[in-house]
Amino acid sequence: MQDRPYSHMVSSPVGKLLAQMALPAIVSNLVTVIYSLVDALYLGHLSVAALAASGAVMPLTIIFKSFSLLFGMGAANKVSVCLGKKEKEEASAYAFQGFWSSIVFCVLLAVVCLCLIHPILRLLGSTPQALPLAVLYLVPILIASPINGANYVLNPLLRFQGHATMAMEGICSGLVLNIIFEPLFIFKMGLGILGAGICTALCQVFSFIVLLIFFEVKSEAKIRFKKKYFRSSVFRNLLFTGLPSLLRNGMRALSLNLVDLACSPFGTAALAGVTVANRVITLFASVRGGIGQGYQPICGYAFGAGEYGRIKKAFKTSIISCAVFLVTASAISLIFAPQIVSLFQKNPAVISKGGSYLRFLSATLSLTTLIAMFNMNCQTLGRNVMASCVPLLRHGLYLIPWLFILPHFFGYAGVEICQPIADVCTFLTVIPMQVYVHKWINKLKGIHERLLTQKQMS
């Protein structure tokens, strides 16, 4: 009975197991993004400034998420590999350090942000009209941020142990409540954008309670206080493994911030339109991320168990599934971009700016299939330098210079073409890197098979 999770993760058919792991992750991601879209819908009915305020807050919330996932994904990836090797105490050490490190870090970061809230929001590109509203929205979210940081650890820890449905239920419970009760806080109680922030914070606490109960009941890795779990080697490995997640989300937050700054000279309508377009693309990317999140625990267990052929098969299945979806989604978005933006704001300027920006983002969306899956594959396999390079290139070297150059010459159109250029360059860079990783896995497989043959002969 103790080996049932292990047998399930290393022996079940890859296609069926990927569906079991990916579907709950996709649902969880979709509900997260749907909440973000509904939140934009509610705030858009308040005013353009309220919608722009939520856009200015988004990069900061991504920063908190990024550092939480540094600990959460670092711990979860190591836990899956340790359980693949049947090392449960070592897995518990990673779970313990990931959980408490996230909480402590979020407390410290929240205190800094509360003390410097006005200059931080101005730095994030908030316009003078949106700044007071952004402060009201952000304060309750900052207060609850340590609890939400713990959610980003418990969720992947459950998923990477094969409990993807429970991880989904824990996150989605709070998000669904948020969607239901947010209009009551905003409109019925007359709290406006402050009500949106309060409701978000309360529902994050509810998700934490549900996730913690599930974790205590089902997790093989525990978060109990034990002296042997306080090891610097565990913390270093955790940080190194989680670094690609931090860079993936942190660089995205930075790029969103710089896009907002680049849009600021073109007015509040441009900022609101870009906010809507980014959230729509995030909806599509959440499915891509869910497929990758479904693949990672399969890869981790297989890597720990020495099942290298299973890694390649699961990766191929994930790539095909993701590509089919993103090609379809990008086609729909290219055709109906203005109509999609108009669901959130009826202002003609917002629809024009947002619809045009959404079309440019959709043009290269399908290329991110290989970019995202390569990043997640390398992270789980311990190829963290290559995994870390991907977000540094896509959201850094290939994007940031263009954001400073192209708008100067082409105006708002210069902002629109920056991300597609970055996607094409990153895709071309990742292809030879993936070929190298594929050969490396083949080499490991050959070594493993020779060792097994020698063991059988002796």
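Definitions and cut-offs
Residues numbered from 1 in each chain as written. Predicted model: local features only at pLDDT ≥ 70, side-chain atom pairs only at ≥ 80, totals over all residues. Heavy atoms only, no water. Helix = DSSP H or I, 4+ residues; strand = E, 2+ residues; numbered from the N terminus. Rg over C-alpha atoms; globule rule 2.2 N^0.38 Å. Buried < 20%, exposed > 50% of the residue type's maximum accessible area, 1.4 Å probe, protein only. Contact = heavy atoms within 4.5 Å. Lys, Arg positive; Asp, Glu negative; His and termini not counted. Charge placed at Lys NZ, Arg CZ, Asp CG, Glu CD. Phe/Tyr/Trp six-rings, centres within 6.5 Å; stacked < 30°, edge-to-face > 60°. Lys NZ or Arg CZ within 6 Å of the ring centre and 35° of its normal. Expected span 1.5 Å × (residues − 1). Bend = angle between axes of the 7 residues up to and from the residue. Axes fitted to C-alpha atoms, helices over the stretch in contact; angles between N-to-C directions. Parallel < 35°, antiparallel > 145°, perpendicular 65-115°, else oblique. Left-handed = near helix turned anticlockwise from the far one by under 90°. Nonpolar A, V, L, I, M, F, W, Y, C, P; charged D, E, K, R; others polar. Salt bridge = Lys/Arg side-chain N within 4 Å of Asp/Glu carboxyl O. Polar contact = N/O pair within 3.5 Å; in protein donor to acceptor, adjacent residues only side chain to side chain.

**Side note on the overall build of the protein**
Okay, so step 1: Along the backbone of the protein there are 18 helices and zero strands.
Okay, so step 2: For a compact globule of 458 residues, the expected C-alpha radius of gyration is about 23 Å, and the protein comes in at 22 Å, within 12% of that figure.
Okay, so step 3: Projected onto its principal axes, the C-alpha positions of the protein cover 75 × 45 × 35 Å.
Okay, so step 4: Put simply, the protein has 458 residues, and 58% of those count as buried.
Okay, so step 5: Counting only contacts in the protein whose residues sit at least 6 apart along the sequence, the fraction spanning at least 24 positions is 83%.
Okay, so step 6: Averaging the coordinates of the 36 positive side-chain charges in the protein and doing the same for the 14 negative ones gives two points 4 Å apart.

**Notes on unusual backbone geometry**
Okay, so step 1: Look at lysine 86: it is not a glycine, yet its phi comes out positive at around 65 degrees.
Okay, so step 2: Looking at where lysine 86 falls in the secondary structure, it is placed in the loop between helix 3 (48–84) and helix 4 (88–115).

**A look at the side chain of glutamine 204**
Okay, so step 1: Here glutamine 204 lies in helix 9 (residues 192–218).
Okay, so step 2: A residue is classified by how much of its surface remains accessible, and glutamine 204, at 15% relative accessible area, is buried.
Okay, so step 3: When residues no more than four places from it in sequence are discounted, the contact partners of glutamine 204 are Ala144, Ile147, Asn148 and Asn151.

**Things to note about the packing of aromatic side chains**
Okay, so step 1: Tallied over the full model, the rule gives 10 aromatic pairs.
Okay, so step 2: When the ring of phenylalanine 96 is compared with that of phenylalanine 230, the centres are 5.0 Å apart and the planes differ by 75 degrees; the resulting orientation is edge-to-face. Placement of phenylalanine 96 in helix 4 and of phenylalanine 230 in the loop between helix 9 and helix 10 (232–263) is noted, with a sequence separation of 134 residues between them.
Okay, so step 3: Taking the relative accessible area as the measure of exposure, phenylalanine 96 reaches 3% and is therefore buried.
Okay, so step 4: Judged by its relative accessible area of 53%, phenylalanine 230 falls in the exposed class.
Okay, so step 5: Every member of this aromatic cluster is reached through a ring pair, and the members are Phe67, Phe71, Phe105 and Phe235.
Okay, so step 6: Between the NZ or CZ atom of lysine 353 and the centre of the ring of tyrosine 412, over which it lies, the distance is 4.5 Å.
Okay, so step 7: When the ring centre of tryptophan 440 is taken as reference, the NZ or CZ atom of arginine 383 above it lies at 4.5 Å.

**Some words on helix 3**
Okay, so step 1: A rise of 1.5 Å per residue sets the reference length of helix 3, with its 37 residues, at 54 Å; its end C-alpha atoms lie 51 Å apart and thus fit the reference within 8%.
Okay, so step 2: Where helix 3 bends most, at leucine 69, the angle is about 30 degrees.
Okay, so step 3: Among the residues trailing helix 3, lysine 86 stands out with phi positive, at a value near 65 degrees.

**Quick word on the environment of alanine 40**
Okay, so step 1: Along the chain, alanine 40 turns up in helix 2 (residues 14–46).
Okay, so step 2: In the structure, alanine 40 is positioned 147 residues away from phenylalanine 187 in sequence and 14 Å away in space, judged by C-alpha atoms.
Okay, so step 3: In this view, alanine 40 contacts Leu51, Arg279 and Phe344; residues no more than four positions away in its chain are not counted.

**What to know about the packing of helix 3 against helix 10**
Okay, so step 1: Packing of helix 3 against helix 10 brings their axes to within 6 Å, and their N-to-C directions diverge by 165 degrees. When the axis of helix 3 is compared with that of helix 10, the two are roughly antiparallel. The two elements helix 3 and helix 10 cross, and the hand of that crossing is right-handed.
Okay, so step 2: Grouping the constituent residues of the contact of helix 3 with helix 10 by class yields 18 nonpolar, 11 polar and four charged.

**Let's talk about the pattern of salt bridges**
Okay, so step 1: Enumeration according to the criterion identifies four salt bridges in this entry.
Okay, so step 2: Between arginine 231 and glutamate 90 there is a salt bridge, with the nearest N and O atoms lying 2.8 Å from each other. Here the residue arginine 231 occupies a position in the loop between helix 9 and helix 10, and glutamate 90 occupies one in helix 4, the gap between them amounting to 141 residues.
Okay, so step 3: In this structure glutamate 90 comes out as partly exposed when scored by relative accessible area, which is 25%.
Okay, so step 4: Between arginine 224 and glutamate 216 there is a salt bridge, with the nearest N and O atoms lying 2.8 Å from each other.
Okay, so step 5: A residue is classified by how much of its surface remains accessible, and glutamate 216, at 30% relative accessible area, is partly exposed.

**With respect to the side chain of aspartate 423**
Okay, so step 1: Along the chain, aspartate 423 turns up in helix 18 (residues 418–457).
Okay, so step 2: Here the side chain of aspartate 423 touches threonine 364 through a polar contact of 2.8 Å, side chain to side chain.
Okay, so step 3: Non-local contacts of aspartate 423, meaning those with residues more than four positions away in its chain, are made with Thr364, Leu367, Thr368, Ile371 and Arg394.

**Description of helix 7 (residues 145–159)**
Okay, so step 1: An ideal rise of 1.5 Å per residue puts 21 Å on 15 residues; helix 7 measures up with 21 Å between its terminal C-alpha atoms.
Okay, so step 2: Most of helix 7 is tucked away, with 13 of its 15 residues classed as buried.

**Considerations on the environment of valine 79**
Okay, so step 1: Structurally, valine 79 is set in helix 3.
Okay, so step 2: For valine 79, a relative accessible area of 0% puts it in the buried group.
Okay, so step 3: Along the sequence, valine 79 and glutamate 89 sit 10 residues apart, while their C-alpha atoms lie 9.7 Å from each other.

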